[in-house]
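Next come the chains, spelled out residue by residue.
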Amino acid sequence: MAFAVGVWGVIPYAVATSLERWAYAAPGRTAAATRVGVDPFELRLTLDGVTVGSDGATLSAERAVLDFGAAALLGRRIALDAVRIERAEIKVDSPREVLRRVDEWLENLRYRIERLEIDATVIEWPASSTAGAGRLNGVTFAVGGLDLDAPAPAAFEFVIGDAAGGRVRTEGEILPARREVSARVAVEDVDLGRVGQWIAGRSVADGTSSGSMTIDWRSQDGVIALRDVDLAVHDARLGEGFAASAVAVAGKAEFRADRLIHADLDAELTDGGRVSLSIRNAEDRAHDVALRFEEIPAAMIARHAERHAGRRIERGVIDAEIEYRQRGDDLAGVATLRGRGLELGASADPDEDARIAFGLALLENADGEAAMTVPFEANDGTRLPQALAETLTEHLMTIAERPFDALARAGAANGATLDAVSFRPGEAEPDPEGAEALAALADALLARPRIGIRVHGAADERVDRDALAAAQIELHVALETASAEEIARPKPIDLDVPFQREVLHEIAVERLGVERVETIASYFTRDASGAVVEAERRDYHRALFDALVENEAIPRNALERLARYRARAIAALLARHGVAEERIEIASPVVLEAGEPQTIDDEVRSVTSTLEAFLAADAALARSAGVVFNVADHD
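Rules and cut-offs
Here the residue numbers are simple positions, counted from 1 along each chain's written sequence. For this predicted model, a pLDDT threshold of at least 70 governs which residues receive local features, and a threshold of 80 or more governs which side-chain atom pairs are given and counted, while totals over whole chains, interfaces and linings are taken from all residues. Side-chain numbers here rest on the full set of heavy atoms in the structure, without hydrogens or water. The criterion is simple. A nonpolar core is a set of buried Ala, Val, Leu, Ile, Met, Phe, Trp, Tyr and Cys residues joined through side-chain atoms within 4.5 Å. With a 1.4 Å probe rolled over the protein chains alone, any residue whose accessible area is under 20% of its type maximum counts as buried; one over 50% counts as exposed, and the rest are partly exposed. Where helices and strands are cited, they refer to DSSP runs of H or I of at least four residues and of E of at least two residues respectively, numbered from the N terminus. Whether two residues are in contact is decided by their heavy atoms, any of which lying within 4.5 Å being enough. Here, the arc refers to the directions that run from the helix axis to the C-beta atoms. Working convention: axes come from line fits to C-alpha atoms, limited for helices to the stretch in contact. Angles between N-to-C directions cover 0 to 180 degrees. Any angle that is under 35 degrees is reported as roughly parallel, and any over 145 degrees as roughly antiparallel; angles of 65 to 115 degrees are reported as roughly perpendicular and all others as oblique. A clockwise turn of the near helix away from the far one marks a right-handed crossing, whereas an anticlockwise turn of less than a right angle marks a left-handed crossing. When residue character is reported, Ala, Val, Leu, Ile, Met, Phe, Trp, Tyr, Cys and Pro are called nonpolar, Asp, Glu, Lys and Arg charged, and the others, Gly included, polar. Strands are treated as partners if at least two bridges between them are detected by DSSP. Any Phe, Tyr or Trp ring, taking Trp's six-membered ring, that has another such ring centre within 6.5 Å forms a pair; planes under 30 degrees apart are called stacked, those over 60 apart edge-to-face, and the others tilted.

K.L.:
Just checking my understanding: could you explain the nonpolar core for this structure?
P.N.:
Note on soluble globular proteins: their nonpolar side chains tend to be buried together. Among the nonpolar cores identified, the biggest contains 94 residues, and I322, L407, L441, I453, L574 and L611 are the most heavily contacted of them. Examining the composition of this core, we find that eight residues originate from one element, helix α7 (residues 384-401), more than from any other. Sequence-distant contacts of L407, that is, excluding residues within four places in its chain, are made with L362, L418, L441, A444, L445, R448 and I451. In this structure, A508, V532, Y540 and V591 belong to the second largest nonpolar core, which totals 30 residues.

Shown next, in the form of structure tokens:
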């Protein structure tokens with residue numbers, strides 16, 4: 001025993017020498033103690049004013065107390081009953097450095113400690129390119145049975161009295177031999193914004209968080225896994241505008257020291273709605289993200305919309321499924337969005353506002369829901385909210401520029417032409433093709449209740465004039481040759497009927513004159529009597545009929561009247577299919593200049609009346625502003 005006491009008498013010198021030797025063993029190391037005290041009867045060593053440091057970390061403690069057990073005197077390896085570090089201050093380069101230092105210390109643990117306690121400690125780090133300056137106060141740590149050779153884990157408790165304004169308590173187990181930790185962490189009123197600054201150098205999410213999670217740390221693969229996450233975040237704010245009074249978060253995540261590996265998180269919002277987030281990071285630093293929003297009130301993302309799209313979303317509910325990959329400055333993905341009862345605010349560009357509102361109405365069904373799926377990309381470092389806002393704005397503007405394409409899709413009539421209705425020359429009722437197009441348009445309008453139709457009835461000054469003139473000539477012939485019933489519904493002249501040919505010839509002589517009739521006959525073969533030969537008489541009488549049509553006087557107001565009747569027929573057919581009359585407007589009739597007529601086949605020619613779509617609720621505004629959403633020109 002005297003020998004043992006003697007040994008303890010030289011321990012202060014040995015300890016001081018050992019500290020100096022350790023410090024000089026590597027560049028950047030420091031180690032010192034202002035006083036070394038020994039109690040040989042209690043087998044206790046006390047170090048006052050301890051400072052230990054190496055590159056990236058330093059520890060300064062007011063006191064360190066080491067209690068040696070009997071094994072320290074009799075065994076082959078150092079065994080400590082207890083180690084207690086009092087009022088310490090730890091400085092590291094970054095929060096990640098703490099884990100690295102713990103890992104390094106555990107790897108070099110060459111002695112057994114029955115109980116290790118660290119009391120009233122401060123941990124702090126300066127700002128860097130990847131982390132903001134931070135400070136943890138009131139840190140305490142206690143662990144029992146630390147031994148690198150022990151097969152069983154050691155239980156520990158870790159408490160931070162002041163962590164970003166809140167409190168953190170961790171209880172779990174540590175296995176020094178494999179340098180693994182598994183613990184349940186409880187947090188109370190921790191400021192997430194400050195934590196984001198500490199870890200990433202910026203605030204990713206803001207709010208005050210309370211709840212719990214399980215943390216697993218595996219030093220061998222450098223992974224920290226969070227599971228069974230159950231957190232409540234109050235006054236939550238995400239990014240530059242998303243806000244909620246409270247959010248309940250559940251899920252799991254895995255990190256390495258330098259990056260997130262993957263995360264699957266679900267959040268339920270007290271104000272209504274749910275958000276799901278899935279992130280997968282590849283080794284090449286590219287990450288795949290899947291975001292899902294359900295029943296999100298528009299007010300929560302109003303500031304996002306105003307910041308990135310220049311206009312707020314005043315009201316409504318939004319669902320979204322967004323999948324994208326980001327690698328460096330490159331961003332590419334697909335977004336499917338659904339909104340119900342959406343109402344957009346104004347921006348600095350009224351014309352753009354009108355077009356976007358119109359594009360939105362072209363997507364909105366009878367239940368007030370609008371849905372769209374759009375690809376998006378950026379390669380200049382643009383972040384997701386801005387890329388998505390720009391893509392959605394452009395998409396709605398494009399829809400507004402081609403409204404009848406959108407209506408065709410709404411009515412399941414893809415590929416159909418819905419902005420024009422064809423008529424046979426001279427007729428006021430749509431032809432079969434025109435009637436079919438109107439039926440398809442009516443289905444589309446019933447599917448898009450906020451869209452109105454403006455009808456531009458048209459007549460062609462050549463095709464329709466000739467048709468009306470032909471009808472009048474046919475009527476004159478019918479008056480001379482047909483029954484009362486046939487007069488009511490005159491038929492085209494049958495040039496193979498001798499009596500009708502005679503009447504047509506008499507009318508031609510009366511209206512065109514003998515000289516003009518003779519000139520026409522001169523183009524055909526005649527017999528000795530001067531009459532056109534029988535084989536060519538049909539063509540001769542057709543030439544007379546065409547000359548009478550050309551000569552017939554058709555006033556312009558007759559063409560205008562025909563155009564007006566056509567517009568009314570279109571409106572009546574739409575109304576018959578269930579489109580409300582207040583959604584249909586009839587514009588002033590249009591007489592088209594003579595041009596190449598459209599043809600349905602080699603024999604039947606058609607004249608087209610055009611349609612124009614508008615936002616029904618804003619019809620008066622659209623007219624006064626001269627806004628024309630469909631600029632297609634149909635002759």
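K.L.:
Quick question: what am I supposed to make of helix α13 (residues 514-521) here?
P.N.:
An α-helix turns once per 3.6 residues; consequently, residues spaced three or four apart project the same way. Buried within α13 we find V517, I520 and A521. The arc that holds the buried residues of α13, viewed along the axis, is 100°, so those residues lie on one side. Where α13 is buried, its residues contact α12 (498-512) and α14 (534-551).

K.L.:
Explanation requested: the packing of helix α9 (residues 432-447) against helix α15 (residues 556-576) in the structure shown.
P.N.:
Helix packing for two helices is described by the angle between their axes and how far apart those axes are. Closest axis-to-axis distance for the α9/α15 pair is 9 Å, and the angle between their directions is 55°. Comparing the axis directions of α9 and α15 gives the class oblique. Judged by the sense of rotation from one axis to the other, the crossing of α9 with α15 is right-handed. In this structure, α9 contributes L438, L441, A442 and L445 to the contact, and α15 contributes I570, L573 and L574. Here the contact of α9 with α15 is built from residues that sort into seven nonpolar, no polar and no charged.

K.L.:
Please explain the pairing of strand β10 (residues 180-191) as it appears in this structure.
P.N.:
As paired elements, strand β9 (residues 166-175) and β10 share nine bridges and run antiparallel to each other. Within the sheet, the bridge partner assigned to I174 lies in β10 and is V181. Counted between consecutive antiparallel strands, the loop separating β9 from β10 contains four residues, among which R179 sits at a positive phi close to 50°. The pairing of β10 with strand β11 (residues 205-218) spans 10 bridges and is antiparallel. Residue pairing for β11: S182 is matched across the bridge by D216.

K.L.:
What am I meant to see in the packing of aromatic side chains here?
P.N.:
When we look at a pair of aromatic rings, we describe it by the centre distance and by the angle of the planes. Counted under the stated rule, the structure contains four aromatic pairs. Measuring from centroid to centroid gives 6.5 Å for Y324 and F376, while their planes differ by 55°, and the two rings are tilted. Of this pair, Y324 sits in strand β17 (residues 313-327) while F376 sits in strand β19 (residues 369-378); the two residues are 52 residues apart in sequence, bridging distant segments of the chain. Side by side, Y324 and F376 carry an identical accessibility label, which is buried. Between F524 and Y540 the ring centres are 5.7 Å apart and the planes differ by 75°, which places this aromatic pair in the edge-to-face class. Pair noted here: F524 is in the loop between α13 and α14 and Y540 is in helix α14, with a separation of 16 residues, a long-range link. Residue F524 shares its accessibility class with Y540, and that shared class is buried. Among the aromatic side chains, those forming a connected cluster through ring pairs are F141, F156 and F158.

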